[in-house]
Amino acid sequence: MTLLADPMSPVPHAESTRWYQDAIIYQLHVKTFCDGNGDGIGDFAGLISKLDYLQRLGVQCLWLLPFYASSLLDDGYDVSDYRQVHPWYGSLDDVRRFLDEAHRRGLRVINELIIDHTSDRHPWFEASRHAPAGSSALEFYVWSDTDQRFMEAHIIFNDTEPSNWARDPVAGAYYWHRFFRHQPDLNFDSPDVRAAVYDVVRFWFDLGVDGLRLDAVAHLYEREGTDCDNLPETHAFLRALRTLVDREYGDRVLLAEVNQTPEATCTYFGEGNECHMAFHFPLMPRLFQALATQQAEPIVDMVGRTSTIPAGCQWAIVLRNHDELTLSALSPWEREQLLDVYAPAPRMRLHHGIRRRLAPLLGNVRDRIELATALTFSLPGSPIVYYGDEIGMGDNIALPDRDGVRTPMQWSEAPQAGFTTSAVTALPVLEDGEYGYRRVNVANQDRDPRSLLHFVRRLMAARRSQPALGRGDIHICDVTDPRVLAFIRGRAADSVLVVANLAHTEVHAAVALPTGVPALNTTDSLRALPSTRRDGCVTLTLPGSAIGWWTAPS
């Protein structure tokens, strides 16, 4: 796919309280992005050294995986101190310097906030397991004399955990955990817990972060006779948290990580008074389903179920990230269909999902990678690019759990992919094969204007030039060929017609436009595809796996 737009400098740090609706987000892991001190582990010094690269790429917001003090049994999602940085990555002063340097370049920053649970080595849990009955310290976690409570709650990691309860020998009681047993759940019925969470939120916003990703936020409360997900008490807590954020900080953002149905996920916006953003996880497998079947219907169906959200709210659209590609929103036969296509080997699967990066998922076929990426930049929401996907990095399924998609960033042909000068790394770099760092790296692609990296830069520039793609409505258009997806984003003069060919071969199609769509350019702005408009229809020929944006004349 040839993009016509040239990359432009990122817009200055916008003051709008709705900056997140226009943002292009880049997700990275400090541990595996760049090592600044030569110990083989990524750190904030290394990340700071790559901010110019990220600015030039064209992103507007960085989402960082956990870097808190942790026992690292779950790669940082087992927090032992919310106010400290793990020494591998640096110090709080390094974080402050990073935030200053990011903001100076117009880059916003979103942090993780893991509030459903802590590490079992957190001082809160140590105090709780030793606390006497009736004490506030005991009430920080969910304790029980039996493991038969809340039995309707499903076990999220049921391939590794037999129960949501684990017995603590010190307390002589069971504690509740929705994830791994070393991650006890906080008790949000305790006012002391809620106050402690508010203090953590204030700490990071006072430090300068622009947003918080609320990890596993659907599981905060427990009630008998329910599945302990999406409870009214959870939404009441989020409304209280949103009130605090709006009152004290104004332009900061709460991003909900909710792996639920689209209908349930929408409730986390409230009436515009809960979370500003939510991940559109139900859309993610539908994109891959559409690519696998070469049919638009899976995307059309999902957009129809989720297109209306409160004003000021925004979806976060992701193709791949640090976790497995979740298939929980699919029916059993749909799930098996996608597993057969995208994860034929058992080692590619995890927690009933797929642990693969974007390029391997799509067979390293350039047109398919470009189409999938451009779709996330076209559909309603703020697109997220996972680090390394802009150069087509591969994965390492020989590594355990989710480490296979968290390998070091490949910067150059230098030893260890230019990630570090150390002979030992936090995770091994990809050495050989079609995804090895000598073939796939930033330096090589930076020199090649035909590379995937240059495509992504131009796509980001084109997206920034079209405000309708960030905040505009969506209207699905009727098309004569079911392999073609077409929709209008925005209204009136800001309208953008998006047409995507999900087939591998060329198609000729007619797209019916809704009334009121203004005159559009006869050539699209992504790859100069021609079209003809007559009698309320646009006719065009699209090469295999092509996508175009037809915009109003400037």
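Just so we're clear, the structure is a prediction, and the values are computed from it rather than from any experiment. (Residues numbered from 1 in each chain as written. Predicted model: local features only at pLDDT ≥ 70, side-chain atom pairs only at ≥ 80, totals over all residues. Heavy atoms only, no water.)

### Concerning the overall build of the chain
For step 1, the next point in the chain: Within the chain, the secondary structure is distributed over 16 helices and 23 strands.
For step 2, the next point in the chain: Compactness check: the chain gives a C-alpha radius of gyration of 23 Å against a globular reference of 24 Å for 554 residues, within 12% of the reference.
For step 3, the next point in the chain: Considering the chain as a whole, with its 554 residues, one finds that 62% of them fall into the buried category. (Helix = DSSP H or I, 4+ residues; strand = E, 2+ residues; numbered from the N terminus. Rg over C-alpha atoms; globule rule 2.2 N^0.38 Å. Buried < 20%, exposed > 50% of the residue type's maximum accessible area, 1.4 Å probe, protein only.)

### A few points about the pattern of salt bridges
Opposite charge on two side chains makes pairing possible when the charged atoms of those side chains draw close.
For step 1, the next point in the chain: Overall, the coordinates contain 39 salt bridges when judged by the stated rule.
For step 2, the next point in the chain: The shortest N-O distance in the salt bridge between Glu101 and Arg105 comes to 2.8 Å.
For step 3, the next point in the chain: Of the charged contacts, one joins Glu248 and Arg247 as a salt bridge, the two residues approaching to 3.4 Å between their closest N and O atoms.
For step 4, the next point in the chain: According to the relative accessible area criterion, Glu248 is partly exposed, its value standing at 34%.
For step 5, the next point in the chain: Given the relative accessible area of 56%, Arg247 is considered exposed. (Salt bridge = Lys/Arg side-chain N within 4 Å of Asp/Glu carboxyl O.)

### Describing helix H6 (residues 191-207)
For step 1, the next point in the chain: Between its first and last C-alpha atoms H6 spans 24 Å; for 17 residues at 1.5 Å apiece the expected length is 24 Å, and the two agree.
For step 2, the next point in the chain: Of all the residues in H6, the buried ones are Val193, Ala196, Val197, Tyr198, Val200, Val201, Trp204, Phe205 and Leu207.
For step 3, the next point in the chain: Between the side-chain oxygen of the N-cap and the backbone nitrogen of Asp192 there are 3.2 Å, and the N-cap of H6 in question is Ser190. (Expected span 1.5 Å × (residues − 1). Polar contact = N/O pair within 3.5 Å; in protein donor to acceptor, adjacent residues only side chain to side chain.)

### Here's the deal with the side chain of Gln410
For step 1, the next point in the chain: For Gln410, the position within the fold is in the loop between strand E16 (382-386) and helix H14 (442-447).
For step 2, the next point in the chain: When its relative accessible area of 0% is taken as the criterion, Gln410 is described as buried.
For step 3, the next point in the chain: Within the local environment of Gln410, its side chain forms a polar contact with the backbone oxygen of Tyr435, the two atoms lying 3.3 Å apart.
For step 4, the next point in the chain: Those residues in contact with Gln410 that lie beyond four places of it in its chain are Ile391, Met393, Ala417, Leu430, Tyr435, Gly436, Tyr437, Val440, Asn441 and Val442. (Contact = heavy atoms within 4.5 Å.)

### Details of the nonpolar core
For step 1, the next point in the chain: With 157 residues, the main nonpolar core has Tyr26 and Phe98 as its most contacted residues.
For step 2, the next point in the chain: Among the elements that line this core, the one with the most residues is H6, at 9 residues.
For step 3, the next point in the chain: Setting aside chain neighbours within four positions, we find Phe98 in contact with Phe44, Leu47, Ile48, Leu51, Leu62, Leu64 and Val109. (Core = buried A, V, L, I, M, F, W, Y, C linked by side-chain atoms within 4.5 Å.)

### Some points on the packing of helix H13 (residues 366-376) against helix H15 (residues 452-464)
For step 1, the next point in the chain: Here H13 crosses H15 at 25°, and the two axes come no closer than 11 Å. Between H13 and H15, the angle is such that the two are roughly parallel. Pair H13 / H15 crosses with right-handed handedness. Each of Arg366, Ile369, Glu370, Thr373, Ala374 and Thr376 in H13 lies in contact with H15, whose residues at this interface are Leu452, Phe455, Leu459 and Arg463.
For step 2, the next point in the chain: For the contact of H13 with H15, the class distribution of residues is 5 nonpolar, 2 polar and 3 charged. (Axes fitted to C-alpha atoms, helices over the stretch in contact; angles between N-to-C directions. Parallel < 35°, antiparallel > 145°, perpendicular 65-115°, else oblique. Left-handed = near helix turned anticlockwise from the far one by under 90°. Nonpolar A, V, L, I, M, F, W, Y, C, P; charged D, E, K, R; others polar.)

### Some remarks on the sheet that holds strand E20 (residues 507-512)
For step 1, the next point in the chain: Here 3 strands make up an open sheet; going across it, the order is E20-E22-E21 and the pairing antiparallel. Edge positions in the sheet fall to E20 and strand E21 (531-534), since each of these pairs with one other strand and no more. Pairwise comparison of adjacent strand axes, ignoring direction, gives a mean angle of 20° for this sheet.
For step 2, the next point in the chain: One ladder, built from 6 bridges, connects E20 with strand E22 (residues 537-542); its direction is antiparallel. In the strand pairing of E22, His508 is matched with Thr541. (Pairing = 2+ DSSP bridges.)

### Some thoughts on the confidence of the model for the chain
For step 1, the next point in the chain: Scored by pLDDT, the chain has a mean of 94; 97% of the residues are at 70 or more.
For step 2, the next point in the chain: Here residues 5-15 is a poorly scored stretch, pLDDT under 50, and it has 23 contacts once near neighbours within four places are set aside; other chains count. (pLDDT = per-residue confidence, 0-100.)

### Observations concerning the sheet that holds strand E23 (residues 547-551)
Note: strands within a sheet are paired through backbone hydrogen bonds, in either parallel or antiparallel orientation.
For step 1, the next point in the chain: The sheet built from 4 strands is open, its strands ordered E17-E18-E19-E23 with antiparallel pairing. Strands with a single pairing partner mark the edges of an open sheet, and in this sheet they are strand E17 (474-476) and E23. Neighbour-to-neighbour, the strand axes of the sheet open up by a mean angle of 20°, direction not taken into account.
For step 2, the next point in the chain: Across 3 bridges, E17 lies against strand E18 (residues 484-489) in antiparallel orientation. Bridging from a neighbouring strand, Ile474 pairs with Arg489 of E18.
For step 3, the next point in the chain: Contacting E18, strand E19 (496-501) and E23, H13 runs over the sheet at an angle of about 40° to E23.

### Thoughts on the environment of Ala372
For step 1, the next point in the chain: Topologically, Ala372 is positioned in helix H13.
For step 2, the next point in the chain: Taking relative accessible area as the criterion, Ala372 reaches 1% and is therefore assigned buried.
For step 3, the next point in the chain: For Ala372, the contacting residues outside a window of four places in its chain are Leu291, Leu319 and Leu362.

### Focus: the packing of aromatic side chains
Geometrically, a pair of aromatic rings is defined through the distance of the ring centres and the angle of the planes.
For step 1, the next point in the chain: Scanning the entire structure with this criterion turns up 33 aromatic pairs.
For step 2, the next point in the chain: Measuring from centroid to centroid gives 6.1 Å for Tyr26 and Phe33, while their planes differ by 75°, and the two rings are edge-to-face. This pair shows no difference in class: Tyr26 is buried, exactly as Phe33 is.
For step 3, the next point in the chain: Members of the aromatic cluster, connected to one another through ring pairs, are Phe44, Phe67, Tyr68, Tyr82, Phe98, Trp124, Phe140, Phe203 and Trp204.
For step 4, the next point in the chain: Above the face of the Tyr174 ring, Arg167 is positioned so that its terminal group lies 5.3 Å from the ring centre. (Phe/Tyr/Trp six-rings, centres within 6.5 Å; stacked < 30°, edge-to-face > 60°. Lys NZ or Arg CZ within 6 Å of the ring centre and 35° of its normal.)

### Considerations on the environment of Trp550
For step 1, the next point in the chain: If you trace the backbone, Trp550 turns up in strand E23.
For step 2, the next point in the chain: Residue class for Trp550 comes out buried when judged on its relative accessible area of 1%.
For step 3, the next point in the chain: Expressed as a C-alpha distance, the spacing of Trp550 and Ile488, which sit 62 residues apart in the sequence, is 9.4 Å.
For step 4, the next point in the chain: Here the side chain of Trp550 touches Ser531 through a polar contact of 3.0 Å, side chain to side chain.

### A few points about the pairing of strand E1 (residues 25-28)
For step 1, the next point in the chain: Residues of E1 alternate between two faces, with Ile25 and Gln27 on one and Tyr26 and Leu28 on the opposite face, all of them buried.
For step 2, the next point in the chain: Sheet topology places E1 next to E16; 3 bridges connect them, and they run parallel. Looking at E16, one finds that Tyr26 is bridged to Val385.
For step 3, the next point in the chain: As paired strands, E1 and strand E2 (residues 61-64) are joined by 4 bridges and run parallel to one another.

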